[in-house]
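Read off the chains here:
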Amino acid sequence: MLSATNSKVERILAVDDTPDNLILLQTILEIEGYSIDLVADGMAALAKIEQSPPDLILLDVMMPGLDGYEVTRRIRNHPTMPYIPILLLTAFHDVSVVEGLDAGADDFIRKPFDQDELLARVRSLLRLKQSLDEQKKLFRQQEDFVSRLTHDLRTPLVAADRMLNLFQQETFCKISPEMKQAIAAMIRSNHNLLDMVNTLLEVHRFEAGKKNLQFDSCNLREIAEEVVQELKPLADEKDLMLKVDASRLNQQDDNAATVRGDCMELRRVISNLVGNAIKFTDTGGIELRIFETSLPSTNQTWVTVEVKDTGYGIAQEDLATLFERFRQGKNKRAGSGLGLHLSQRILESHGGKINVVSELGKGSIFTVYLPKK
């Protein structure tokens with residue numbers, strides 16, 4: 001049917017093993033301007049849907065071979081098939097309706113049906129389909145915008161970073177100590193913005209299914225020690241202790257703390273957790289504890305990395321939403337709210353998980369679990 005906002009003719013697939021029923025449906029729906037395809041059994045319906053997905057399926061429940069319930073289940077369980085509303089046609093009691101809805105159907109109508117009721121249900125399901133399609137289209141446009149924006153932002157930020165470093169190195173001319181301090185502040189701000197853009201780009205890649213991970217053997221102890229060495233100058237600036245404790249590992253095990261994963265992405269997780277700990281800690285220090293453990297109800301040995309700080313801590317009401325995208329904490333030093341979300345996505349893609357325990361004024365412990373290789 002044509003509408004003011006959509007000039008496309010909606011296609012409806014009618015599935016019924018009784019020819020008279022198909023002819024009746026065709027007559028009613030074609031008068032209303034819909035395009036109708038007719039098939040007489042479940043297997044033919046699945047083949048037709050696979051070849052050319054319709055906008056709506058009218059599906060008889062009782063058919064030889066595959067009944068309407070099984071056809072519904074196969075459609076809903078298909079990994080790549082788009083969402084298609086399914087209206088069940090049934091002559092039976094409420095039990096059959098419940099089974100059909102549980103299988104994934106959207107609505108039902110009893111035979112013999114009233115023509116006006118049928119058309120009302122058809123219009124309702126087609127409006128639902130159009131609304132969901134519009135939402136998906138808007139989501140794709142938003143994701144495409146984020147991807148383009150992050151790519152476009154990186155270019156000037158990288159260029160600015162190079163130029164600022166050249167100025168700081170007095171490549172073009174001598175500069176005063178005061179100007180060097182100002183340029184150093186600009187470089188730090190530029191790095192923060194570049195980190196934010198890179199994190200946003202990585203989140204987009206994960207959520208768009210475009211992130212390709214390179215799995216290999218990764219020693220988490222070595223990764224942690226590299227991260228600590230890299231971030232120690234930041235801790236030293238605040239007079240914070242920063243160390244790795246691997247004393248609980250079996251020193252005779254060559255594979256101790258070794259997991260299978262993308263080493264760069266796992267390094268990103270640990271670096272993010274340690275960087276956050278330094279940011280939100282003013283006195284005391286940060287300790288990375290690495291050990292192996294067996295979690296209850298699992299036969300898997302897990303490599304565990306704890307990042308413990310003596311910082312501000314996190315309010316209990318914030319813990320439940322801590323890993324949500326763009327969820328910023330109340331602390332004035334809170335960033336974009338993307339780093340922890342990205343860390344969780346990375347760990348989930350490795351079959352791992354992350355937990356946090358925290359108390360205001362007493363610091364936090366972020367615990368990473370990854371299956372041992």
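Rules used throughout
- Residues numbered from 1 in each chain as written.
- Predicted model: local features only at pLDDT ≥ 70, side-chain atom pairs only at ≥ 80, totals over all residues.
- Heavy atoms only, no water.
- Axes fitted to C-alpha atoms, helices over the stretch in contact; angles between N-to-C directions.
- Helix = DSSP H or I, 4+ residues; strand = E, 2+ residues; numbered from the N terminus.
- Parallel < 35°, antiparallel > 145°, perpendicular 65-115°, else oblique.
- Left-handed = near helix turned anticlockwise from the far one by under 90°.
- Contact = heavy atoms within 4.5 Å.
- Nonpolar A, V, L, I, M, F, W, Y, C, P; charged D, E, K, R; others polar.
- Domains from an automatic or database assignment.
- Pairing = 2+ DSSP bridges.
- Right-handed = clockwise from strand over helix to strand, strands pointing away.
- 1 Å grid on protein atoms, 1.4 Å probe; cavity = no way out; pocket = protein on both sides within 12 Å on 5 of 7 lines; lining within 4 Å.
- Points joined across faces, edges and corners; volume = space filled by probe spheres on them.
- Buried < 20%, exposed > 50% of the residue type's maximum accessible area, 1.4 Å probe, protein only.
- Salt bridge = Lys/Arg side-chain N within 4 Å of Asp/Glu carboxyl O.
- Phe/Tyr/Trp six-rings, centres within 6.5 Å; stacked < 30°, edge-to-face > 60°.
- Lys NZ or Arg CZ within 6 Å of the ring centre and 35° of its normal.

A. Quick look at the packing of helix H2 (residues 42–51) against helix H3 (residues 68–77). Direction vectors running N to C along H2 and H3 enclose 25°, while the axes themselves pass 10 Å from each other. Put simply, H2 runs roughly parallel to H3. When you trace H2 past H3, the crossing you get is right-handed. For the pair H2 and H3, the contacting residues are Gly42, Met43, Leu46 and Ile49 in the first and Val71, Arg74 and Ile75 in the second. A per-class count over the contact of H2 with H3 returns five nonpolar, one polar and one charged.

B. Representation of the domain arrangement of the chain. Partitioning the chain into structural domains gives domain 1 (11–113), domain 2 (140–208) and domain 3 (216–371). The centre of domain 1, based on its C-alpha atoms, is set 55 Å off from the matching centre of domain 2.

C. Representation of the pairing of strand S2 (residues 35–39). Here five bridges tie strand S1 (residues 11–15) to S2, and the two strands are oriented parallel to one another. Each bridged residue has a counterpart across the sheet, and for leucine 13 the counterpart in S2 is aspartate 37. Regarding topology, helix H1 (residues 19–31) serves as the crossover connection from S1 to the parallel S2, and that connection is right-handed.

D. Spotlight on empty space enclosed by the protein. Enumeration according to the criterion identifies one cavity of 30 Å³ or more in this entry. Put simply, the largest cavity is a space of about 30 Å³. Residue lining of the largest cavity: Leu220, Leu266, Val269, Ile270, Leu347, Val368 and Leu370, and that is the complete set. Partitioned by chemical class, the residues of the lining of the largest cavity number seven nonpolar, no polar and no charged.

E. A look at the packing of helix H6 (residues 177–207) against helix H10 (residues 339–349). Between H6 and H10, whose axes approach to 10 Å, the crossing angle comes to 40°. In terms of orientation, H6 lies oblique with respect to H10. The chirality of how H6 crosses H10 is left-handed. Along the contact surface, H6 presents Thr199, Glu202, Val203, Phe206 and Glu207, while H10 presents Gly339, His341, Leu342, Arg345, Ile346 and Ser349.

F. Local environment of H10. Looking at H10, one finds that the buried residues are Leu340, His341, Leu342, Ser343, Ile346 and Leu347. Contact partners of the buried residues in H10: H6, helix H8 (263–279), strand S11 (353–359) and strand S12 (363–371). In the stretch just after H10, glycine 351 is the one whose phi turns positive, near 75°.

G. Looking closely at the pattern of salt bridges. Considering all chains together, one arrives at 24 salt bridges under this definition. As a salt-bridge pair, aspartate 253 and lysine 372 come within 2.7 Å of each other at their nearest N and O atoms. With aspartate 253 in the loop between strand S7 (241–245) and strand S8 (258–261) and lysine 372 in the segment after S12, the pair connects residues that are 119 residues apart, well separated along the chain. Between lysine 362 and glutamate 359 there is a salt bridge, and its shortest N-O distance comes to 3.6 Å. We classify lysine 362 as exposed; its relative accessible area is 61%. Connected via shared salt-bridge partners are Glu202, Lys211, Glu265 and Arg268.

H. Summary view of the packing of aromatic side chains. Tallied over the entire structure, the rule returns one aromatic pair. Between phenylalanine 167 and phenylalanine 172, the ring centres sit 5.3 Å apart and the planes meet at 55°, which makes this aromatic pair tilted. Given the relative accessible area of 36%, phenylalanine 167 is considered partly exposed. Taking relative accessible area as the criterion, phenylalanine 172 reaches 48% and is therefore assigned partly exposed. In this structure, arginine 248 packs its charged tip against the face of phenylalanine 291, placed 3.8 Å from the ring centre. If you follow lysine 353 out to its NZ or CZ, it ends over the ring of tryptophan 302, 5.5 Å from the centre.

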